[in-house]
Amino acid sequence: MSILISGSGIAGLTLAKFLDQESLDYKIFDRRKSLMDATTALQLGSNCRNILKKLYLEEELKLVSRSCNELYVYDRKLKLLNKLNIKNKHNEGSLLIRRNDVMKILNRSIKQEVLLNESTETSKVSDTVIKFDATGIFSSNNFHINTKTIGIRGISKISDEIFNHLNLFCFNFCHLVTYPLTNNEFAFTFITNDEIKNKEWSKELETRDFEKIDSVLPKILSMALLNSVEIKKWPIFKTKSIKWESNSMLMIGDAAHGFQPHLAQGATQAIIDAYYASKWLLEKETTTYTKFLQSRTNVINKIRLNSQLNRYIYQLPYPLSIGRDLVLKNTNPSYNWLFHGNNEA
């Protein structure tokens, strides 16, 4: 049996690592010319910490990341509304880390070399083949929708104590998330209503983007963002539905279920997908891939819904935001269904 993995992002590399552990033969391909093409950062949610242990990579990842147990939520005047618990049932927080550091660690850990500038379509195999699609949100095997929102993101130097926390700042029709990194830096994602029609991973900012940051955000935030070393924007797409199988390909990560980033679960769910895909390979004679992942389908549907709702909640305009702020200040919304769930295996 030959296993082919198309795409060497977090989902593809994690799957390769698990296949190594099970001594299963595979090849991994990528259309890109380089793996290290992103200067952004991401969150590895506390709900994937157990799987990072199974990968035997958690300690290495911790060395180049910051851990956060709470999400600090602020209103448009930078008044702290609440601190939301994001720890898992083992009292562990989320890891905040540069994307390229995750990629380097995963790539170093696998036995097979990634075949760059190639795809599974050009490979020549004679054995029984199982193909995994880990090519991301723009996979040709799923239908993706432009949400008509963009994310402006980058990495900047920590210039104030406020950036030492994982923060959510809510504004009219936009919101900002910042999270601390090692080396006295922090990453940010500014979500606003706009549209990039082309399917581009990232794009240089235009004058109007800089003007919006400067006009909407308080000075302490706008200055920190505009002084970042590199700042890019990218279109936010989502898949129309969850697809675990398409055109003889088995799907994982964003290729299967791309959702909006307003729950910070993209990388986390890609890692969990890879774990379950590797386990299915050991049981594939007894059940189909889609049926095996039924529990994943239920969780992903809930994440998709909550991610979409979060966007509207975070971006409620004044005076509707007054009601939201009162609720956030006087209650403690629980995400135990996500961080304390059993889907992290």
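Rules used throughout
- Residues numbered from 1 in each chain as written.
- Predicted model: local features only at pLDDT ≥ 70, side-chain atom pairs only at ≥ 80, totals over all residues.
- Heavy atoms only, no water.
- Helix = DSSP H or I, 4+ residues; strand = E, 2+ residues; numbered from the N terminus.
- Rg over C-alpha atoms; globule rule 2.2 N^0.38 Å.
- Buried < 20%, exposed > 50% of the residue type's maximum accessible area, 1.4 Å probe, protein only.
- Contact = heavy atoms within 4.5 Å.
- Areas by Shrake-Rupley, 256 points an atom, 1.4 Å probe, with all protein chains shown as cover.
- Axes fitted to C-alpha atoms, helices over the stretch in contact; angles between N-to-C directions.
- Left-handed = near helix turned anticlockwise from the far one by under 90°.
- Nonpolar A, V, L, I, M, F, W, Y, C, P; charged D, E, K, R; others polar.
- Pairing = 2+ DSSP bridges.
- 1 Å grid on protein atoms, 1.4 Å probe; cavity = no way out; pocket = protein on both sides within 12 Å on 5 of 7 lines; lining within 4 Å.
- Points joined across faces, edges and corners; volume = space filled by probe spheres on them.
- Salt bridge = Lys/Arg side-chain N within 4 Å of Asp/Glu carboxyl O.
- Phe/Tyr/Trp six-rings, centres within 6.5 Å; stacked < 30°, edge-to-face > 60°.
- Lys NZ or Arg CZ within 6 Å of the ring centre and 35° of its normal.
- Core = buried A, V, L, I, M, F, W, Y, C linked by side-chain atoms within 4.5 Å.

A. Quick look at the overall build of the chain. Each helix and strand counted, the chain has twelve helices and 17 strands in total. For 345 residues, the compact-globule estimate of 2.2 N^0.38 gives 20 Å, and the C-alpha radius of gyration of the chain, at 20 Å, lies within 12% of that figure. The C-alpha extent of the chain, read off along each of the three principal axes, is 60 × 40 × 35 Å. Classification of the 345 residues of the chain by burial places 57% in the buried group. Contacts in the chain between residues far apart in sequence, at least 24 positions, make up 77% of those at least 6 positions apart. Accessible surface computed for the chain: about 15500 Å², of which carbon and sulfur atoms make up 50%.

B. Inspection of the packing of helix H1 (residues 10-21) against helix H8 (residues 266-283) at higher detail. In the contact formed by H1 and H8, the axes pass within 8 Å of each other and the chain directions differ by 35°. H1 and H8 meet at a crossing whose hand is right-handed. On H8, the residues that touch Ile10, Ala11, Thr14, Leu15, Phe18 and Leu19 of H1 are Ala267, Ala270, Ile271, Ala274, Tyr275, Ala277, Ser278 and Leu281. Classifying every residue of the contact of H1 with H8 gives twelve nonpolar, two polar and no charged.

C. Layout of the pairing of strand S1 (residues 2-6). For S1, the buried fraction is high: five of the five residues fall into the buried class. Residues Ser2, Leu4 and Ser6 line one face of S1 and the alternating positions Ile3 and Ile5 line the opposite face, and both faces are buried. Strand direction decides the pairing type here: S1 and strand S9 (residues 129-133), joined by five bridges, are parallel. Within S9, the residue paired with Ile3 across the bridge is Ile130. Pairing of S1 with strand S2 (residues 26-30), which is carried by four bridges, proceeds in the parallel orientation. Bridge pairing links Ile5 to Ile28 in S2.

D. Layout of the layout of surface pockets. The volume enclosed by the second largest pocket comes to roughly 200 Å³. Forming the boundary of the second largest pocket are Asp75, Arg76, Lys77, Lys79, Leu81, Tyr318, Ser321, Ile322, Asp325, Leu326 and Lys329. Element by element, the count of residues in the lining of the second largest pocket is highest for helix H11 (residues 320-330), at five residues. Classifying every residue of the lining of the second largest pocket gives four nonpolar, one polar and six charged.

E. How the structure looks around the sheet that holds strand S11 (residues 166-171). Here eight strands make up an open sheet; going across it, the order is S6-S5-S11-S12-S13-S10-S15-S14 and the pairing mixed. The strands lining the two open edges of the sheet, one partner per strand, are strand S6 (80-85) and strand S14 (203-204). Looking at chain direction, strand S10 (residues 144-157) and strand S15 (residues 230-239) are connected through nine bridges and run antiparallel. Residue pairing across strands places His144 opposite Thr239, the latter belonging to S15. Packing of helix H5 (residues 207-216) onto the sheet brings it into contact with S10, S11, strand S12 (174-181), strand S13 (185-193) and S15, and relative to S15 it is tilted by some 95°. Each of strand S5 (70-74), S6 and S11 touches H11; the most contacted strand, S6, lies at about 50° to it.

F. Molecular detail of the environment of Met36. In this structure, Met36 sits in the loop between S2 and strand S3 (41-44). Distance from Met36 to Met103, taken between C-alpha atoms, is 7.3 Å for residues 67 residues apart in sequence. When near neighbours in sequence (up to four residues on either side) are disregarded, Met36 contacts Asn100, Met103 and Lys104.

G. Broad picture of the pattern of salt bridges. Taken as a whole and assessed by the stated rule, the structure comprises 17 salt bridges. For the salt bridge of Arg324 with Asp325, the shortest nitrogen-to-oxygen distance reads 2.9 Å. Neither Arg324 nor Asp325 differs from the other in exposure class; each is buried. Among the charged side chains, a network of salt bridges with common partners joins Asp194, Glu206, Arg208, Asp209 and Lys233.

H. Spotlight on the packing of aromatic side chains. Taken as a whole, this structure holds nine aromatic pairs when the rule is applied. The interplanar angle of 50° and the centroid separation of 6.3 Å between the aromatic rings of Phe186 and Phe188 together place this pair among those described as tilted. Of the residues examined, Phe186 reaches a relative accessible area of 0% and is grouped as buried. Look at Phe188 and you get buried, because its relative accessible area is 1%. The positively charged end of Arg153 is found above the aromatic ring belonging to Trp234, 3.9 Å away from the centroid.

I. Main features of the nonpolar core. Of all hydrophobic cores here, the largest spans 77 residues; its most connected members are Leu44, Leu61, Phe132 and Tyr289. Considering every element that reaches this core, the biggest residue donor is H8, with ten residues. When residues no more than four places from it in sequence are discounted, the contact partners of Tyr289 are Phe132, Trp244, Glu245, Leu250, Met251, Ile252, Ala277 and Trp280. Grouped together as the second largest cluster of nonpolar side chains are 22 residues, Tyr74, Leu217, Leu221 and Ala224 included.

Note that every value here comes from positions in space, so none of it alone points to a role or purpose.
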